Amino acid sequence: MTNKFHTIRPVPNALLPQLYIETYGCQMNVNDSEVVVSVMQDAGYSLCQEMDKADVILVNTCSIRDNAEQRILGRLDLFRLQKKKKPALKVGVLGCMAGRLEKELLNHVAVDLVVGTDAYRQLPKLLEAVSQGNKQIETRFNPQENYADISPVRMDTNGVSAFVSITRGCNNACAYCVVPFVRGQERSRDPQSIEREVIELVANGYKEVCLLGQNVDSYLWADSHDPTKYLNFAQLLELVALIDPKLRVRFLTSHPKDMSSGVLYTMAMYPNICNHIHLPVQSGSNQILKKMNRKYTREEYLERIKTIREILPDCAVSGDFIAGFCDETPQDHANTLSLMNQVKFDQAFMFQYSERPGTKAAKMYQDNVPEEVKTQRLNEIIALQNQISLESNRRDIGKTFEVLIEGPSKRSPLEYFGRSPQNKVCVFPKENSKVGDYVQVTIHNCSSATLIGAITEDLPAAGLGSRIRSHISKLAHPIQP
Ligand code: SF4
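Just so it is clear, the structure is predicted and the values come from calculations on it, not from any experiment. Along each chain, residues carry numbers from 1 onward, in the same order as the chain's sequence is written. Since the coordinates come from a predicted model, pLDDT governs what is reported: local features require at least 70, and pairs of side-chain atoms require 80 or more to be given and counted, while whole-chain, interface and lining totals use all residues. As a rule here, side-chain values cover all heavy atoms of the structure and leave hydrogens and water aside.

### Focus on the site of the ligand
Condition: Here a residue is near a molecule or strand as soon as one of its heavy atoms is found within 4 Å of it. Put simply, Ala, Val, Leu, Ile, Met, Phe, Trp, Tyr, Cys and Pro go in the nonpolar bin, Asp, Glu, Lys and Arg in the charged bin, and everything else, Gly too, in the polar bin.
Surveying the vicinity of the ligand reveals the residues Cys170, Asn172, Cys174, Tyr176, Cys177, Val179, Pro180, Gln214, His255 and Arg294. Classifying every residue of the shell around the ligand by side-chain character gives six nonpolar, three polar and one charged.

### Focus on the packing of helix H12 (residues 330-343) against helix H14 (residues 371-394)
This is how the line gets drawn: Axis definition: a line fitted to C-alpha atoms, limited for helices to the stretch in contact. Angles are taken between N-to-C directions and run from 0 to 180 degrees. Under the scheme used here, helices are H or I runs from DSSP no shorter than 4 residues and strands are E runs no shorter than 2 residues, and both carry numbers assigned from the N terminus. Roughly parallel means an angle under 35 degrees; roughly antiparallel, over 145; roughly perpendicular, 65 to 115; everything else is oblique. Only heavy atoms enter the contact rule, under which two residues are in contact if any of them lie within 4.5 Å.
The contact between H12 and H14 brings their axes to 10 Å, and the two run at 10°. Viewed along their axes, H12 and H14 adopt a mutual orientation that is roughly parallel. Between H12, through Pro330, His333, Thr336, Leu337, Met340 and Asn341, and H14, the contact on the second element is made entirely by Arg377, Glu380, Ile381, Leu384, Gln385 and Ile388. Split into classes, the residues belonging to the contact of H12 with H14 amount to six nonpolar, four polar and two charged.

### Examining the pairing of strand S10 (residues 208-212)
For the record, the criterion: Exposure is judged per residue with a 1.4 Å probe applied to protein chains only, and the accessible area is read against the type maximum: over 50% gives exposed, under 20% gives buried, and values in between give partly exposed. We treat two strands as partners when DSSP finds at least two bridges between them.
Of all five residues in S10, five are buried; the element is thus mostly enclosed. Burial along S10 is two-sided: Glu208, Cys210 and Leu212 facing one way and Val209 and Leu211 facing the other are all buried. The pairing of strand S7 (residues 161-165) with S10 spans five bridges and is parallel. Pairing of Ser165 across the sheet is with Leu212, part of S10.

### Some words on the side chain of Asp112
To keep it simple, the criterion reads: Any N or O atom pair separated by 3.5 Å or less is treated as a polar contact, with the protein-specific requirement of one donor-capable and one acceptor-capable atom, and with residues adjacent in sequence counted only for side-chain atom pairs.
You can see Asp112 is positioned in the loop between helix H4 (102-106) and strand S5 (113-115). Since its relative accessible area comes to 11%, Asp112 is described here as buried. Among the polar contacts made by the side chain of Asp112, one reaches the main-chain amide nitrogen of Val91 at a distance of 2.7 Å. In contact with Asp112, not counting residues within four places along its chain, are Lys83, Leu89, Lys90, Val91, Leu106, Val130, Lys135 and Gln136.

### Quick look at the side chain of Arg248
Here Arg248 is to be found in strand S13 (residues 248-252). A residue is classified by how much of its surface remains accessible, and Arg248, at 3% relative accessible area, is buried. A distance of 2.7 Å separates a polar side-chain atom of Arg248 from the backbone oxygen of Glu402.

### Brief notes about the packing of aromatic side chains
Using the following cut-off: Side-chain rings of Phe, Tyr and Trp, where Trp is taken by its six-membered ring, are said to pair if the distance between their centres is within 6.5 Å; with planes under 30 degrees apart they count as stacked, over 60 as edge-to-face, and otherwise as tilted.
Overall, the coordinates contain eight aromatic pairs when judged by the stated rule. On the basis of an interplanar angle of 90° and a centroid distance of 5.4 Å, the ring pair of Phe321 and Phe345 is categorised as edge-to-face. Of this pair, Phe321 sits in strand S15 (residues 316-323) while Phe345 sits in the loop between H12 and strand S16 (347-352), and the two are 24 residues apart along the sequence. Per residue, the accessibility class of Phe321 equals that of Phe345, and both read buried. Aromatic pair Phe325 and Tyr353: ring centres 4.9 Å apart, planes at 75°, arrangement edge-to-face. Taken as a pair, Phe325 in the loop between S15 and H12 and Tyr353 in the loop between S16 and helix H13 (360-364) lie far apart in primary sequence, 28 residues in all. A relative accessible area of 3% means that Tyr353 is categorised as buried.

### Focus: the environment of Ser283
One can find Ser283 in the loop between strand S14 (276-278) and helix H10 (286-291). The spatial distance from the C-alpha of Ser283 to the C-alpha of Phe321 is 6.0 Å, given a sequence separation of 38 residues. In contact with Ser283, other than residues within four places in its own chain, are Ile288, Leu289, Met292 and Thr336. Here the side chain of Ser283 touches Ser285 through a polar contact of 3.0 Å, landing on its backbone nitrogen.

### What about unusual backbone geometry?
In this chain, Leu252 is followed by Thr253 through a cis amide linkage whose omega measures -5°. Relative to the helices and strands, Thr253 is located in the loop between S13 and helix H9 (261-269). Phi angles above zero are rare outside glycine, and Asp327 is one such case at about 65°. With respect to the helices and strands, the residue Asp327 is situated in the loop between S15 and H12.

### Digging into the nonpolar core
So the rule is basically this: In these notes, a set of buried Ala, Val, Leu, Ile, Met, Phe, Trp, Tyr and Cys residues joined through side-chain atoms within 4.5 Å is what counts as a nonpolar core.
Within the largest apolar cluster, 56 residues are counted, with the highest numbers of intra-cluster contacts made by Leu211, Phe233, Phe251, Met267 and Ile277. Broken down by element, the residue count for this core peaks at six residues, all from helix H8 (residues 233-241). Setting aside residues up to four positions removed in sequence, Phe233 forms contacts with Ile166, Leu211, Val216, Asp217, Tyr219, Phe251 and Val263. If you look at the next biggest cluster of nonpolar residues, it comprises 23 residues, including Met40, Leu94, Val115 and Tyr147.

### A short note on the pattern of salt bridges
Short version of the rule: Only one rule defines a salt bridge in this text: a Lys or Arg side-chain nitrogen within 4 Å of an Asp or Glu carboxyl oxygen.
Inspection of the entire model under this criterion finds 34 salt bridges. Here Asp396 ties to Lys399 by a salt bridge, and the two come within 3.4 Å at their closest N and O atoms. By relative accessible area, which is 41% here, Lys399 ends up partly exposed. By sharing partners, the salt bridges in this structure join Glu34, Arg154, Arg189 and Glu197 into a single network.

### Re the sheet that holds S13
Sheet strands line up and pair through hydrogen bonds in the backbone, either parallel or antiparallel. Spatial strand order, S7-S10-S13: three strands in an open sheet with parallel pairing. In the strand order of this sheet, the two ends are held by S7 and S13, each with one partner. Sheet twist, expressed as the average angle between the axes of neighbouring strands with direction ignored, equals 25°. In this fold helix H1 (residues 27-42) packs onto S7, S10 and S13, with an angle of close to 90° to the strand it touches most, S7.

This is the structure in structure tokens:
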């Protein structure tokens, strides 16, 4: 497939075979579905929004927790009924569940093909074979594959913010995690293809990119012809930030053991790199962190947070937590709550442990924390985090933030929503602004999840210059020891 950076929006055409796609799980799956639509569109399919119109249904699945998989099985039952109405309909299962439950899925009466995360280029050919009457399965890993030459077809609605994958797979072996088993070994994408994709997004009016990887901090690309030529994550961030100072740059997901101060200084250098870091911690107990194989201690995590706040004083930090991991004691749980009180995360994603077959934890440890205790601990973590997030948002009342408008607010048709550089959702009356504008919003109220404000001034493009200058002047006086 040649290098095709064009048509980054779906091209509806009722005359072509109709493709309907459902996406579940993380941002990586969202971006993968955009790659899938690009491959299918190039093969002569057209994306449709209604299942009834579909000739092919593809479901991009998540395996991170059991309830995610149960949901997919529910969808497959619905597709089985759909096939009764339309026997020629073809159904394919993609994503992490395809990699984990390949044979079981292929035996499902509704399923015609099962395709793993490294085989999306083969979809048209596999569908061709299915139309000859043979169910198809392709879930083998391809350590070279990162779809670098494929221009994802953006399926978002706002045309403002887009995901750009920079790595695929993961080399960490967190004991609870299924990702390495379903997405394979880590590989970094060549920086030129990332740069090209971002330039294309800017040319198509996008105002923000989010660089994606299971662990962006281990991004490392080396020129196969000249190993002295390589690029690490801090250098890639700089490369992307320099493309257009009006383009916001975000990234997901960082790893405490790999995050370098180089990344933090690069964030401090470029005001268009947003001051928000998502740094999953999972637990505040060293005993549990060791069992999870997270490869850092509570103390090392806190040291990383201290360095982030020294170099980037107004940087927001969000975390991930798992409640009720194997052998977690009340004291381990208390250590998690005390770490939350020490770090004061601005936001967090919180879950209870769900054993995943095939993982180290499932093989070696007992899932011995009763479900009701897991739920009780999760509720305590959520309650504490809501309180901390509310305090964090209350500290923003009276402040003015530059907000990139992403779309209409769910609260009121008279309001827009957007995010501050700290990744906080802000809602405010529309006035004369429009989606894609940068506006200055002064905060006058909040909830634990949302900042509520009003536009104080439209920020003309030139405004960014003054921010760059103020940033560089801040750098002239490095952190006082
Ligand atoms: S870093 Fe750990 S939790 Fe994250 S994807 Fe890799 S193995 Fe899973």
